[in-house]
Amino acid sequence: MPTIAGVVILYNPESSIIRNIDSYISQVNKLYVIDNSDESNDEIVKILYKYEKVEYVCNGANLGIAAALNIGARKAIKEGFDYLLTMDQDSEAAPLMVSELMNCFSKKSKIAITAPLLQHSSGRHFIPKSEKSCEQVFTVWTSGNLIDLNIFKLTDGFLEDLFIDYVDHEFCLRLNKMGYKIYICNKTFIIHNLGKTEEINLIFRKVHPTNHSALRLYYRARNRFYVKKLYHNQFPEFFMQDDRDFWRSFLKVILFEKQKIEKIKYFTLGYKDFKKNKFGKFEINYSINQGK
């Protein structure tokens, strides 16, 4: 019987994290809670210590999602687990999600990751591209992934230089390049809160700007251009779609979001740091001064 660990990354979480953990803790054998918070989470931590399956790790600072995921994965490997479920703090799992993800592994060979469909907390959801129970894709988002740890051992883990954003896409594309496969399971889902998404009704359609912070746009721009540089030649089809999604999202920022000037400024800084080959955690004094 395969053994499954889970890892969830915290960053200044709200109390809803406990409800989210409750949705999947019974589906794993152990859960690593890796805390990247800048501030104290004493009340939440007290509750976490009541769970027998939970191992809480406080990093004492924000090391980035890639580093935190690697901490959880290496702990799971050291303790002999076969698979790792990766969850965001804002995600809630459907009942039996993990068992449905495991079923996808049994249907194909050389699968590195299976992932659920995504449903937004507002009720919006991604529609399956086919009627198949499992279908191959290039990449999936981090939250809800079930990773084969025997394959993870063959990689260098998540790319920590990216810190946050496009960490999932880079890892999946690297696995594709190594000859492994990524599958979406159309029979299960997670409920996820993406940024501070709002719905705007236009005459002919609805749009959903995510209202991410200016800092997130910095990481998204910097890392997206870098990942495209690494993998565009191998996966042009993926980047055709990614180009459309990326620039459509940026257009929503310009048209519908607040703090447009600041967000455009940070987007530009991200591109400049990509060109300078400067990665890791954003250093505001360095980047702002260099951007003048």
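J.: Quick one: what's the story with the overall build of the protein chain, residue by residue and with numbers?
T.: The secondary structure content of the protein chain amounts to 10 helices and 11 strands. Within the span of the protein chain, comprising 292 residues, buried residues form 52% of the whole. Of the roughly 14,900 Å² that the protein chain leaves accessible, carbon and sulfur atoms contribute 53%.

J.: Give me the pairing of strand 4 (residues 83–88): which residues, what numbers.
T.: In terms of residue burial, strand 4 counts as a mostly covered element, since 5 of its 6 residues are buried. Relative to strand 4, strand 1 (residues 4–10) runs parallel, the two sharing 6 bridges. Each residue of the ladder has a partner; that of Ala5, found in strand 4, is Leu84. Pairing geometry for strand 4 and strand 8 (residues 145–148), over 4 bridges, is antiparallel. In the strand pairing of strand 8, Thr86 is matched with Asn145.

J.: If you had to explain the environment of Ile18 to someone new, which residues and values would you point to?
T.: Within the secondary structure, Ile18 sits in helix 1 (residues 16–22). Along the chain, Ile18 and Leu48 lie 30 residues apart, while their C-alpha atoms are 8.0 Å from each other. The residues touching Ile18, leaving out its near neighbours within four places in the chain, are Ile44, Ile47, Leu48 and Tyr51.

J.: Tell me about the side chain of Thr86, and name the residues and values.
T.: Looking at the element boundaries, Thr86 is found in strand 4. Here Thr142 takes part through its backbone oxygen, which lies 2.6 Å from a polar atom of the side chain of Thr86. Once you skip the residues sitting within four places of it in the chain, Thr86 turns out to touch Val7, Leu69, Thr142, Ser143, Gly144, Asn145 and Ile147.

J.: Please set out the state of the cysteines residue by residue, giving values where relevant.
T.: In the structure shown here, the tally under the stated rule is 1 disulfide. The disulfide that involves Cys104 links it to Cys134, with 1.9 Å between the sulfurs. As the torsion about the S-S bond is roughly -85 degrees, the Cys104-Cys134 disulfide counts as left-handed. Here Cys134 lies in strand 7 (residues 134–137) and Cys104 lies in helix 4 (residues 97–107), a separation of 30 residues in the sequence. Residue Cys134 is classed as buried on the basis of its relative accessible area, which comes to 12%.

J.: Give me the side chain of Arg222: which residues, what numbers.
T.: With respect to the element layout, Arg222 can be found in helix 7 (residues 214–231). It turns out Arg222 is buried and unbridged, and the closest side chain with the opposite charge, Asp273, is 5.5 Å from it.

J.: Tell me about the pairing of strand 6 (residues 111–120), residues and numbers included.
T.: For strand 6, a buried count of 9 out of 10 residues is recorded, marking the element as mostly surrounded by other parts of the structure. Pairing between strand 6 and strand 9 (residues 181–192): 9 bridges, direction parallel. Residue pairing across strands places Gln119 opposite Ile191, the latter belonging to strand 9. Two elements, strand 6 and strand 8, share 2 bridges in a ladder whose sense is antiparallel. Following the sheet pairing, Thr114 is matched in strand 8 by Leu146.

Conventions adopted
- Residues numbered from 1 in each chain as written.
- Predicted model: local features only at pLDDT ≥ 70, side-chain atom pairs only at ≥ 80, totals over all residues.
- Heavy atoms only, no water.
- Helix = DSSP H or I, 4+ residues; strand = E, 2+ residues; numbered from the N terminus.
- Buried < 20%, exposed > 50% of the residue type's maximum accessible area, 1.4 Å probe, protein only.
- Areas by Shrake-Rupley, 256 points an atom, 1.4 Å probe, with all protein chains shown as cover.
- Pairing = 2+ DSSP bridges.
- Contact = heavy atoms within 4.5 Å.
- Polar contact = N/O pair within 3.5 Å; in protein donor to acceptor, adjacent residues only side chain to side chain.
- Disulfide = S-S within 2.5 Å.
- Lys, Arg positive; Asp, Glu negative; His and termini not counted.
- Salt bridge = Lys/Arg side-chain N within 4 Å of Asp/Glu carboxyl O.

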